[in-house]
Amino acid sequence: MQTVYMSAATEQEEEKSSLAAAKIIRSGGLCALPTETVYGLGANALDAAAVAKIFAAKGRPQDNPLIVHVNGMKMAESLAAHVPDIAYKLSEAFWPGPLTLIMKKNAVIPDEVSCGLDTVGIRMPDNSLFLKTITNAGVPIAAPSANTSGKPSPTSAKHVADDLDGKIDAVIDGGSCRVGIESTVLNVAGNIPVILRPGAVTIEDIRKYAPDAYVSESVLRDAREGEKTPSPGMKYKHYSPNADIVLVDGDRSAFVRFAAAAEPNAAIVCSEEEAAELCRPCFIMGSEGDYTAQAARLFAILRKIDDEGFTKAYIRAPQKDGVGLALYNRLIRAAAFNIITPD
Ligand code: TXA
Ligand code: MG
């Protein structure tokens, strides 16, 4: 299939592209769209056959459910069997934005979206093109990250094209994604809210509204193949470039000593401050401890490591609080849980 590329750089282009995207989605096709987190591969969430095409294009495991994107709480109410009070509070605080709420689903959600679960993940993205497309299509849009399954998520239209050209109907180019890592996934279907995937909306943010909310231990753990996990996506190999990634756990001076002595043909991924102390080229994530800035660059750097032919990369492990937890969660999976502590 020939993939069509459209731009959304100006207001007029955004208007035109959102109408074209809505048309593709209404007719059962696949269109990649920017969100504030990563690019999504969108299809009509109420059309089982269209949703099945997403799994084929990505090579996605059949038991990994999709997030459904809405243009507001009213559309979310039409998809959920029950919207708990806490979901109203959190959506008011964080929508549009990088927070997915898992709720009990109702019958309009096809099994192809929920993969046999009785819940559905719903979020309102903070991107005007995406929201216009939902409104123009008049249906909710199911959209996983628009990458080949297992690869780093796409934060630019070029990343989408590198993985999915020829496999999907269209890509709308809305520039680089502001947040750069996928949404926080929070299960509010049970008694106590639980984070299944950390993101830019942090546990600290959520506890202001739900003081007893907690982070699932699966977030920092290697879920074994076949194990039943609360979030099916967590058990798969994820975010991995072809290069071997090694996480290095230590303070700045330990990391700098380690990186200075590491194989010259390995990539070093670190902060500006660390790079300034190293006499070798580095991929710079951002300022030390500025995990919001680092998150915005993470996936582009993981792809660049491969593009530039590196077969190994050492990356300084982030702290596990605030947005650092989300970075840590992505990085330990990119590294297949290979983490070392230099002396
Ligand atoms: O920021 C994002 O969330 C992006 C953009 C495109 O919106 N989407 C995204 O989708 O990251 P995806 O499919 O790559 O990741 C969805 C994650 C998976 O780990 C999946 O297992 C989990 O959410 N998930 C979806 N529905 C679920 C459910 N009903 N119960 C538990 N986990 C669910
Ligand atoms: Mg994904």
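If you're wondering where the values come from, they're calculated on a predicted model, not measured in any experiment.

K.L.:
Describe the overall build of the protein, with residues and values.
P.N.:
A count of helices and strands for the protein gives 12 helices and 16 strands. Here the C-alpha atoms of the protein give a radius of gyration of 20 Å, agreeing with the 20 Å that 2.2 N^0.38 yields for 343 residues. Principal-axis analysis of the C-alpha atoms places the extent of the protein at approximately 55 × 45 × 40 Å. Across the 343 residues of the protein, 57% fall into the buried class. The contacts of the protein with a sequence gap of at least 6 include a subset with a gap of at least 24, amounting to 65%. Carbon and sulfur atoms make up 51% of the accessible area of the protein, which totals about 14,200 Å². The distance from the centre of the 35 positive side-chain charges to the centre of the 42 negative ones in the protein is 3 Å.

K.L.:
Talk me through the packing of aromatic side chains; I want residue IDs and the actual numbers.
P.N.:
Taken as a whole and judged by the stated rule, the model has 3 aromatic pairs. Positioned above the aromatic ring of Tyr-328, the side-chain terminus of Lys-320 is 4.9 Å from the ring centre.

K.L.:
Please give an account of helix α6 (residues 128–137) that cites residues and values.
P.N.:
Within α6, the full set of buried residues consists of Leu-129, Phe-130, Leu-131, Thr-133, Ile-134 and Ala-137. Of the surrounding elements, those touching the buried residues of α6 are α1 (11–26), β2 (31–33), β4 (67–69), α3 (73–77), β7 (141–142) and β8 (170–173). Sitting at the head of α6, Asn-127 places a side-chain oxygen 3.1 Å from the backbone nitrogen of Leu-129. Looking one or two places after α6, you find Gly-138, whose phi comes out positive at around 75 degrees.

K.L.:
Which residues make up the sheet that holds β4, and what values do they have?
P.N.:
Pairing is mixed across the open sheet formed by 11 strands, whose spatial order is β1-β8-β2-β3-β7-β4-β6-β5-β9-β10-β11. Edge positions in the open sheet fall to β1 (4–7) and β11 (214–215), since each of these has one partner strand only. Across 2 bridges, β2 lies against β8 in parallel orientation. Bridged to Cys-31 within β8 is Ala-170.

K.L.:
Give me the lowdown on the environment of Arg-297, citing residues and values where you can.
P.N.:
Summarising the element assignment, Arg-297 is placed in helix α11 (residues 291–307). Expressed as a C-alpha distance, the spacing of Arg-297 and Arg-178, which sit 119 residues apart in the sequence, is 9.4 Å. Residue contacts for Arg-297: discarding those within four places in its chain leaves Ile-284, Met-285 and Gly-286.

K.L.:
Can you tell me about the pattern of salt bridges, naming the residues and giving the values?
P.N.:
Once their charged atoms are close, side chains differing in charge can pair, the charge on each being opposite to the other. Taken as a whole and judged by the stated rule, the model has 15 salt bridges. Put simply, Arg-252 and Glu-288 hold a salt bridge, and the shortest N to O gap is 2.7 Å. Here the residue Arg-252 occupies a position in helix α9 (residues 252–261), and Glu-288 occupies one in the loop between β14 (283–286) and α11, the gap between them amounting to 36 residues. Arg-252 sits in the partly exposed class, given a relative accessible area of 29%. Between Arg-316 and Glu-288 there is a salt bridge, and its shortest N-O distance comes to 3.1 Å. On the criterion of sequence distance, the pair formed by Arg-316 in strand β15 (residues 312–316) and Glu-288 in the loop between β14 and α11 is long-range, its members being 28 residues apart. Put simply, Arg-252, Glu-274, Glu-277, Glu-288 and Arg-316 are held in one network by salt bridges that share partners.

Calculation rules
- Residues numbered from 1 in each chain as written.
- Chains lettered and ligands numbered in written order.
- Predicted model: local features only at pLDDT ≥ 70, side-chain atom pairs only at ≥ 80, totals over all residues.
- Heavy atoms only, no water.
- Helix = DSSP H or I, 4+ residues; strand = E, 2+ residues; numbered from the N terminus.
- Rg over C-alpha atoms; globule rule 2.2 N^0.38 Å.
- Buried < 20%, exposed > 50% of the residue type's maximum accessible area, 1.4 Å probe, protein only.
- Contact = heavy atoms within 4.5 Å.
- Areas by Shrake-Rupley, 256 points an atom, 1.4 Å probe, with all protein chains shown as cover.
- Lys, Arg positive; Asp, Glu negative; His and termini not counted.
- Charge placed at Lys NZ, Arg CZ, Asp CG, Glu CD.
- Phe/Tyr/Trp six-rings, centres within 6.5 Å; stacked < 30°, edge-to-face > 60°.
- Lys NZ or Arg CZ within 6 Å of the ring centre and 35° of its normal.
- Polar contact = N/O pair within 3.5 Å; in protein donor to acceptor, adjacent residues only side chain to side chain.
- Pairing = 2+ DSSP bridges.
- Salt bridge = Lys/Arg side-chain N within 4 Å of Asp/Glu carboxyl O.

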